[in-house]
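The residues making up each chain are set out below.
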Amino acid sequence: MPCFAATRAAGEERLARFTPRMGAAYAQGRNFDHGAGRHRDVSQLSPYLRRRLVLERDAVARALDAHGAKAAEKFVQEVLWRGYFKGWMEHRPAIWMRYRDGLAHDLATLEESPQLAARVNDAEAGRSGIACFDAWATELRETGYLHNHARMWFASIWIFTLRLPWRIGADFFYRNLLDGDPASNTLSWRWVAGLHTRGKFYAAEAANIARYTGGRFAPDPAQFAAVSAGLEVQEPEGLPPVAPLRAPRAPQPGLPTALLITEEDCRVEDFDLGALDLRGVATVSASHLRSPRAVAEHVARFERDALADATVRSGISEGRPMGADDLAVLVEWALSLGAKQIVTPFIPVGPLGDWRERADAALGQHGIALCEVNRDWDRAIWPHATAGFFKIKKKLPRILEELDLT
Ligand SMILES: Cc1cc2nc3c(=O)[nH]c(=O)nc-3n(C[C@H](O)[C@H](O)[C@H](O)COP(=O)(O)OP(=O)(O)OC[C@H]3O[C@@H](n4cnc5c(N)ncnc54)[C@H](O)[C@@H]3O)c2cc1C
C-alpha cells in the first residue's frame, strides 16, 4: 500500500512535489501506466482532491503559475473533468438513483446465479486469465489506486470481454478506490459502456495496452471481444432531463450552530463562519455507505484520518466523531449543544446525499435546520455541466477568469 497519509499537509506536500511535472511532462506522459509504485507521470492527488484536503482551485493555480496556460492546459482540463462529472450528476440525480437501485438488483441476481457470482469473484480476485486485467484487479485491491488508462481498459474488458454487469464492476471500483467518488466513478463506467455519451463506447485494444504500459503487458488481440455497440439497449429510456441545481439552505447568522464535517469537504477552515455562533463540531463517517458489500478497510481508514485532521484544523474544541447510521446520535448531539442549525459544506449527490435527506428530515422534526455552504469552484463550473465535456472545455477560459485564475 503506498503511503497516502490522509492529511491536508500530506496532500499539499504531494501537490508541491508534482507541480514541476504539471506542464509538458504531464501532457506527454499522463497516458503511460508504469504500474504500482511507479506512477510518476500522474499526480495521484485524487484521494486528496476528492475530499478537498487539496482544493481543485489550488492545483489549477499551481499548474498555471508554474507552467503558463498553454503548457498547463492538459492538467487543468483533467482537473476540470472532476468538476464536470460532479456538476453533471447534480443536474441528473436520477442517474445516481438508477445506479444505486440497479446495483441492488444486480447483486440479487448474483445470489440466484452461482455461475455468474463465481465469474465476478474470479474477476475481482485477479483470476480472469487476462494478465493485465488480473494485475490491475490486484493493484486496485492492494493499493486503492489505479491509473486512469488502467481504469478505462479494466472497465472495458469487464463489460465487453468478460460480459459482467457494469454496475458490479463500478461497485468493485467504488469499494476499493481511495478516491472513490459517486459522480466520477459512476459516470466514467457509464462513459466506457456507451451510456454517458450515448453510442460512444470505449473498446480496450491490445496494441494500445502494450504501448502505454511500456510493454509490461502484451495481450493477444484475440483475448478481447470485438466491440460494435455499447449498452444503450439496456437503457431504452435514455438520459433523464437536466434538472436545476439544488439550492442549499443557507445558515442564518447569530443562531446557535453546530458544524458538521463529512468527507465531501475536509477544508472547513476556508469558509467564513465568523458570523455564526458555533457551539461544537462533529464528523460523520459514511464511506461504508458506498456499497451494500464490504468497503475496503483502507478506504474507511483514509476517511477516518481525513475527518480527524479536518476537525483539528476547524479550531473548534474537541470534535465528536459519529457514524452515518445512527441519526438519533446526531439529533441528540445537536440538541445537547442547543443548536438551532447545523452547517456543513455542500453534500453532493451520492450515498452521502441520500444520507443528507434522511438527516434533514430527522433534524427538522426537532426544529434544527441542516444548512450548507458551497464553493465558488462548484458555483462556477456546475451550471455549465449539462451536456458533453466539450461544451464545458470551450468555456474554460471564462470559468478561469470568473475564478480569478488567469
Ligand atoms: C472507470 C473509471 C472510474 C473512475 N473512478 C474515479 C473515481 O471514483 N474518483 C475519481 O476521482 N476519479 C475517477 N476516475 C477518473 C480518473 O481515472 C482519476 O481521477 C485519476 O486516475 C486519478 O489519478 P491522478 O490523481 O493521478 O490523476 P491526474 O492525471 O494527476 O489528474 C489530476 C486530477 O484531475 C482529476 N481527474 C483526472 N482525470 C479525471 C477524469 N477522467 N475524470 C475525473 N477527474 C479526473 C482527478 O481529481 C485527479 O486527481 C475514473 C476513471 C475511470 C475510467
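The structure displayed is predicted, hence computed values, not measured ones.

**Q** Tell me about the site of the ligand, and name the residues and values.
**A** Near the ligand there are 27 residues, and of these Y26, S43, Q44, Y145 and N148 occur at the shortest range. In this structure, an oxygen atom belonging to the ligand sits 2.5 Å away from a side-chain N or O atom of Y26. In this structure, an oxygen atom belonging to the ligand sits 2.8 Å away from a side-chain N or O atom of Y145. Taken by itself the ligand offers 820 Å² of open surface, and the protein chains cover 96% of this. At the level of secondary structure, the elements contributing two or more residues to the shell around the ligand comprise α3 (46–50), α5 (73–91), α9 (148–161) and α11 (182–193).

**Q** Give me the lowdown on the pairing of strand β4 (residues 341–345), citing residues and values where you can.
**A** With respect to burial, β4 is a largely interior element, 5 of its 5 residues being buried. The side-chain alternation of β4 yields two buried faces, one formed by Q341, V343 and P345 and the other by I342 and T344. As paired elements, strand β1 (residues 256–261) and β4 share 3 bridges and run parallel to each other. Across the sheet, A258 pairs through a bridge with I342, a residue of β4. Looking at chain direction, β4 and strand β5 (residues 369–373) are connected through 5 bridges and run parallel. Its bridge partner lying in β5, T344 is registered against E372. Handedness of the β4-helix α15 (residues 351–364)-β5 crossover: right-handed.

**Q** Give me the pairing of β1: which residues, what numbers.
**A** Counting buried positions over the 6 residues of β1 gives 6, a clear majority of the element. Because side chains alternate across β1, one face comprises the buried residues P256, A258 and L260, and the other comprises T257, L259 and I261, equally buried. Sheet analysis places β1 next to strand β2 (residues 277–285), joined by 6 bridges and oriented parallel. In the sheet register, L260 faces β2, and the bridge partner there is A282.

**Q** Quick one: what's the story with the side chain of H384, residue by residue and with numbers?
**A** Locating H384 in the fold gives a position in the loop between α16 (376–381) and α17 (389–394). Aside from chain neighbours lying at most four places away, what touches H384 is K391, I392, K395, R398 and I399.

**Q** Which residues make up the environment of L49, and what values do they have?
**A** Locating L49 in the fold gives a position in helix α3. For L49, a relative accessible area of 9% puts it in the buried group. Sequence separation of L49 and A59 is 10 residues, and the distance between their C-alpha atoms is 8.7 Å. Setting aside anything within four residues of it in sequence, one finds L49 in contact with V54, L55, E56, A59 and R82.

**Q** Break down the packing of helix α14 (residues 327–336) against α15 for me, with residues and values.
**A** The interhelical angle for the contact between α14 and α15, taken along N-to-C directions, is 50°, at an axis separation of 10 Å. For the element pair α14 / α15, the angle class is oblique. For the crossing formed where α14 meets α15, the hand is right-handed. Taken together, the residues of α15 that come into contact with α14 (itself represented by L327, L330, V331 and A334) are W355, R358, A359, A362 and L363.

**Q** Requested: an account of the UniProt feature "domain: Cryptochrome/DNA photolyase FAD-binding" (unreviewed entry) in the chain, with residues and values cited.
**A** Cross-referencing UniProt, the feature "domain: Cryptochrome/DNA photolyase FAD-binding" (unreviewed entry) maps to residues 75–199 in the present numbering. The annotated region residues 75–199 carries 79% helix and 0% strand content, and the separation between its end C-alpha atoms amounts to 27 Å.

**Q** Outline the packing of aromatic side chains, supporting the account with residue identities and numerical values.
**A** Throughout the structure, instances matching the rule amount to 25 aromatic pairs. Ring centres of F154 and F173 lie 5.3 Å apart, and the angle between their planes is 40°; on these two criteria the pair is classed as tilted. Of this pair, F154 sits in helix α9 while F173 sits in helix α10 (residues 166–176), placing them 19 residues apart in sequence. There is no split in this pair, since F154 and F173 are both buried. Aromatic pair F173 and W189: ring centres 5.1 Å apart, planes at 85°, arrangement edge-to-face. Of this pair, F173 sits in helix α10 while W189 sits in helix α11, placing them 16 residues apart in sequence. A single burial state applies to F173 and to W189, both of which are buried.

**Q** Give me the domain arrangement of the chain: which residues, what numbers.
**A** Interfaces are frequently sized by the accessible area removed from exposure as the parts join. If you check the domain split of the chain, you get domain 1 (8–90 + 380–402), domain 2 (93–234) and domain 3 (256–374). A straight line from the C-alpha centre of domain 2 to that of domain 3 covers 32 Å. Taken residue by residue, the interface counts 20 residues in domain 2 and 14 residues in domain 3. Carbon and sulfur atoms supply 55% of the area buried between domain 2 and domain 3, which totals about 1,400 Å² over both sides.

The rules behind the values
- Residues numbered from 1 in each chain as written.
- Predicted model: local features only at pLDDT ≥ 70, side-chain atom pairs only at ≥ 80, totals over all residues.
- Heavy atoms only, no water.
- Near = heavy atom within 4 Å.
- Polar contact = N/O pair within 3.5 Å; in protein donor to acceptor, adjacent residues only side chain to side chain.
- Areas by Shrake-Rupley, 256 points an atom, 1.4 Å probe, with all protein chains shown as cover.
- Helix = DSSP H or I, 4+ residues; strand = E, 2+ residues; numbered from the N terminus.
- Buried < 20%, exposed > 50% of the residue type's maximum accessible area, 1.4 Å probe, protein only.
- Pairing = 2+ DSSP bridges.
- Right-handed = clockwise from strand over helix to strand, strands pointing away.
- Contact = heavy atoms within 4.5 Å.
- Axes fitted to C-alpha atoms, helices over the stretch in contact; angles between N-to-C directions.
- Parallel < 35°, antiparallel > 145°, perpendicular 65-115°, else oblique.
- Left-handed = near helix turned anticlockwise from the far one by under 90°.
- UniProt positions renumbered as here; feature names shortened; annotations may be inferred.
- Phe/Tyr/Trp six-rings, centres within 6.5 Å; stacked < 30°, edge-to-face > 60°.
- Domains from an automatic or database assignment.
- Buried area = accessible area lost by both parts, 1.4 Å probe.

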